[in-house]
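Summary of the model geometry
Below are the chains, spelled out letter by letter.
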Amino acid sequence: MSVSSQSRRRVVGARLLAGLVSTSFLFDAAFAQSPAASGVYNRAASMQYGPAGSGSFGASGSSGYASGSSSYGQASGSNAFGANGFGAVAGTNGQAAVLPGSPDWKPIVVSTPEYVHDKHDSSEPILSVATMAEEYAILTASGDKTAQIWTLEGKFDELTGDWSIKNGRVRKTYKEAHRQGLTDAILSPTESHVLTSSYDGSARLWTIGNQENIRPYRGAKDRLWKVAISDSGEYVGAACNDGRVYFWETLTVNDAGTLPNREDAQKLGPGFEKVGHEGPVFDVSFSPDEAYCATAGADNTIRVWNLQTFRQIGVIEGHADKVYSVRFSSDGGYLLSASRDKTARIWNPSNGQEVCRFVGHLGAVREASFTPDGYVLTASDDGTVRLWSPNSASNETNAGPNASGSDVYPSSSSSFSSSGPGAPQEEKTAKPTRKVGKAKGVELATFEAGSPVFSTATTFDGVYVVGGCADGKARVWRVPGAAPTASYGYDESATQYPNGAQGGYPSNGASSNRR
C-alpha cells in the first residue's frame, strides 16, 4: 500500500513525539527491564519469519511483511524474472542461435575497458560506484578521502552511428570533510544530494551542485561500511563495523533509531540470544515501502528487520562465509546478496528460501546489484565484473563438477579478517560446487579489470558497466552489442550537455544503487 510523502511525515512526527527515538537506541540493563523493550522486539517472533503486522518506518497502514496482499512472499522461483536478453548480448560472437542457459552457451569475455578513470589517488581503492539517472555521469568514492562526479566525454560518428568514449572529466569533487578514506557514496532519489560514509565513523550530506558539506550524521561507534537512503529520500541508514545499523532523518540529521548488535540484544534477557549480528555489518538496504530493511554481516547472515518496531523478523543463513552486500529488488519481492563464499544469491525475503545462485567467480564477491532490466551484476576479488541472467535453463545440469548433494566451498589459506571491503584480497581458488537441482543464474558476460573490483553499476541505458577497483581506478566497459546514442553523454564537439547537466545535474529519476 502506497503512502504519500506528506502522510509519511505526519506519522513520523507523531512517532517521534511519542518517544520512538528515545526507546530505540539504548540497549543497556535499565532499558532491558523497561516496558519499552517489549515494543522494540517481539520475543515470540524475533527469530523467525512470519506476519509482522501493519505499519512501517515513516508510513502507516502498509501491509504485513509476509502478507498475501503484499509483494513479499510472491517469489515463484528462478523464472520469476521474465527478461529474455540483455541488449544484444545473446546475439553476439556468433551465438545468435544459442540461448543463454543452454549447454552450448559461453559467456562473452570483454577483456579491454573502453575507458579507465584514473583521477583518484592510485594508492587507495575505489570502494563505491554509482551512476546517475540519465547523463553519462558517474559517482565514485575512494580511500583517498574524496568522492567525484565525472562524466564520459566522447564523439558521435554520424557515418557509423556510434558514440565512443574519449575521456572522463571530473565535474564535482567532495572533499576536506572526512578525516579518513571514504567507504561509500550514493545519490539521493532526486539526485540533489550526495551522501558519503567513511572509516572515520561518520556519514555526511552534501549538496550536489556546489559540493558543500551540509552536515554530518553522527552517533556511530566505529567505522561505517555502507550508507543507504530510502526511496522517499527521508531516511538514511549506515552499516557499522560495531555490528549496529544507525538511522537518521536525511535533512535534519536527527537520530531515527539504531538496530542492535548481538551484545546489545543479549542485554534484553532470555529470548534475544540470536538477535543482531555478531561482528561487523557490511551493508544495509531499505525495502521500497520503507517498512523493512535487510542487513549483511560478517557472521555469514542476512537479517531482516521491521522498521516500525526495530525488531528482527528473519535470518537467512545460507551463505558459507561473510556477506558483503544485500539489495532489495525494485518491487521488494527479492533480496540479492554477495558473499566471501564466492557466490551471489537471490532470496525470497518472506521465507528465507534461496531462489537463484550465481556461481563462477574465483574470489570473494564484494557486491551484487540488480540492473534496471532485472539482470544481476557482480564485482569480485578475482578481478572481474560479471553480468548474469537469473533465469536458469536447467536446474539439474548446472551443478558444480564435484556436486554431491551438499554445498562444498574450498578453504582458503588467506589470512583475510573481518575488516570488510578494502581489506587484503583473497587467494583465488577453485569454483564452489553446489547442490543439484538448485536454480543457477546464467553468466552472460565477463568484464576483466585486472584488479580486484569492489563495486559496480550500469549506466541508465544499460550500455556501459562501471567497476571501482583496488588499484584506485574505475573501469568502464561497453556491454557487447549495446550502442549509445547521440542523445546522452558529453560530445567533445559540443559546448554543453544535451540536458543541461553541466550546471547542476538535474533530477532525472532513480539512481541505480541507492540501496
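In what follows, the structure referred to is the one given above.
Below is a summary of the structure that appears in this document. Please read all numbers here as calculations on a predicted model, not as lab measurements. (Residues numbered from 1 in each chain as written. Predicted model: local features only at pLDDT ≥ 70, side-chain atom pairs only at ≥ 80, totals over all residues. Heavy atoms only, no water.)

1. Let's talk about the overall build of the protein chain
What the protein chain contains, in helices and strands, is five helices and 30 strands. For the protein chain, the proportion of its 515 residues judged to be buried stands at 59%. Long-range pairs, those at least 24 residues apart, make up 59% of the contacts in the protein chain between residues at least 6 apart in sequence. Carbon and sulfur atoms provide 47% of the accessible area of the protein chain, an area that totals close to 18600 Å². (Helix = DSSP H or I, 4+ residues; strand = E, 2+ residues; numbered from the N terminus. Buried < 20%, exposed > 50% of the residue type's maximum accessible area, 1.4 Å probe, protein only. Contact = heavy atoms within 4.5 Å. Areas by Shrake-Rupley, 256 points an atom, 1.4 Å probe, with all protein chains shown as cover.)

2. Topic: the sheet that holds strand β10 (residues 213-217)
Spatial ordering of the open sheet is given by β7-β8-β9-β10, a layout of four strands whose pairing is antiparallel. The outermost strands of the open sheet, each flanked by one partner alone, are β7 (182-187) and β10. Mean inter-strand twist for the sheet, computed between neighbouring axes without regard to direction, equals 20 degrees. Summarising the sheet, β7 and strand β8 (residues 193-198) pair through five bridges and their orientation is antiparallel. Bridging across to β8, Leu-182 finds its partner in Ser-198. (Pairing = 2+ DSSP bridges. Axes fitted to C-alpha atoms, helices over the stretch in contact; angles between N-to-C directions.)

3. Let's talk about the sheet that holds strand β15 (residues 281-286)
Pairing is antiparallel across the open sheet formed by four strands, whose spatial order is β15-β16-β17-β18. Two strands bound the open sheet, and with one partner strand each, they are β15 and β18 (311-316). Ignoring strand direction, the axes of neighbouring strands in this sheet form an average angle of 25 degrees. In this sheet, strand β16 (residues 292-297) lies alongside β15 in antiparallel orientation, the contact comprising five bridges. When the sheet's bridge partners are listed, Ser-285 is paired in β16 with Ala-294.

4. Observations regarding the packing of aromatic side chains
The tally for this structure, following the rule as stated, stands at 15 aromatic pairs. Geometrically, the ring pair formed by Tyr-199 and Trp-225 is edge-to-face, given 5.8 Å between the ring centres and 85 degrees between the ring planes. Taken together, the residues Tyr-199 in the loop between β8 and β9 (203-207) and Trp-225 in strand β11 (residues 224-229) connect sequence positions 26 residues apart. Ring geometry for Trp-225 against Phe-282: centres 5.9 Å apart, planes inclined by 70 degrees, an arrangement best described as edge-to-face. With Trp-225 in strand β11 and Phe-282 in strand β15, this pair connects stretches of sequence that are 57 residues apart. Residue classification places Trp-225 among the buried residues on the basis of a relative accessible area of 1%. (Phe/Tyr/Trp six-rings, centres within 6.5 Å; stacked < 30°, edge-to-face > 60°.)

5. Comments concerning the side chain of Ser-455
Within the secondary structure layout, Ser-455 lies in strand β27 (residues 453-458). You can call Ser-455 buried: its relative accessible area is 0%. Looking at Ser-455, its side chain comes within polar contact range of the main-chain nitrogen of Val-129, at 3.1 Å. (Polar contact = N/O pair within 3.5 Å; in protein donor to acceptor, adjacent residues only side chain to side chain.)

6. Let's talk about the pairing of strand β12 (residues 235-240)
Across the six residues that make up β12, a large majority, six, are buried. Here β12 shows no split at all, with Tyr-235, Gly-237 and Ala-239 on one side and Val-236, Ala-238 and Cys-240 on the other all buried. Both β11 and β12 contribute to a ladder of five bridges, which runs antiparallel. Directly across from Val-227, in β12, lies its bridge partner Ala-238. If you look at the hairpin formed by β11 and β12, you'll find five residues sitting between the two strands, and Gly-233 has a positive phi there, around 80 degrees. By the bridge criterion, five bridges tie β12 to strand β13 (residues 245-249) in an arrangement that is antiparallel. For Ala-239, the partnering residue across the bridge sits in β13 and is Val-245. The loop that links β12 with its antiparallel partner β13 comprises four residues; one of these, Gly-243, has a positive phi angle of about 90 degrees.

7. Things to note about the nonpolar core
Most often, soluble globular proteins keep nonpolar side chains buried together rather than apart. Membership of the largest hydrophobic core comes to 34 residues, with the highest contact counts inside it found for Trp-150, Leu-152, Phe-447, Tyr-464 and Val-476. Beyond its immediate chain neighbours, meaning those up to four positions away, Tyr-464 contacts Glu-114, Tyr-136, Leu-152, Trp-163, Ile-165, Ala-457, Thr-458, Thr-459, Val-476, Trp-477, Arg-478 and Pro-484. Tyr-235, Phe-247, Ala-256 and Phe-310 belong to the second largest nonpolar core, which has 18 residues in total. (Core = buried A, V, L, I, M, F, W, Y, C linked by side-chain atoms within 4.5 Å.)

8. A short note on the environment of Gln-312
Residue placement: Gln-312 occurs in strand β18. Given a relative accessible area of 0%, Gln-312 falls into the buried group. C-alpha separation for the pair Gln-312 and Cys-293, spaced 19 residues apart in sequence, amounts to 9.6 Å. Here the side chain of Gln-312 touches Gly-276 through a polar contact of 2.8 Å, landing on its backbone nitrogen. Reaching out from Gln-312, the side chain makes a polar contact with the side chain of Arg-303 at a distance of 3.1 Å.

9. Remarks on the pattern of salt bridges
By the definition in use, this model includes 21 salt bridges. Among the ionic pairs, Glu-278 bridges to Arg-262, the shortest N-O distance being 3.3 Å. Pair noted here: Glu-278 is in the loop between α4 (262-266) and β15 and Arg-262 is in helix α4, with a separation of 16 residues, a long-range link. On the basis of relative accessibility, which here comes to 47%, the residue Glu-278 falls in the partly exposed class. Of the residues examined, Arg-262 reaches a relative accessible area of 11% and is grouped as buried. (Salt bridge = Lys/Arg side-chain N within 4 Å of Asp/Glu carboxyl O.)

10. Notes on the environment of Asp-381
Position of Asp-381 relative to the elements: it lies in the loop between β24 (376-380) and β25 (384-389). For Asp-381, a relative accessible area of 5% gives the class buried. Through-space distance from the C-alpha of Asp-381 to that of His-361 is 8.5 Å; in sequence the pair is 20 residues apart.

11. A closer look at unusual backbone geometry
Positive phi, normally seen in glycine, also occurs at Lys-145, with a value near 80 degrees. Mapped onto the elements of the fold, Lys-145 is located in the loop between β4 (137-142) and β5 (147-157). We note that Glu-191 has phi near 60 degrees; this positive angle belongs to a residue other than glycine. Assignment of secondary structure puts Glu-191 in the loop between β7 and β8. Judged by its relative accessible area of 1%, Glu-191 falls in the buried class.

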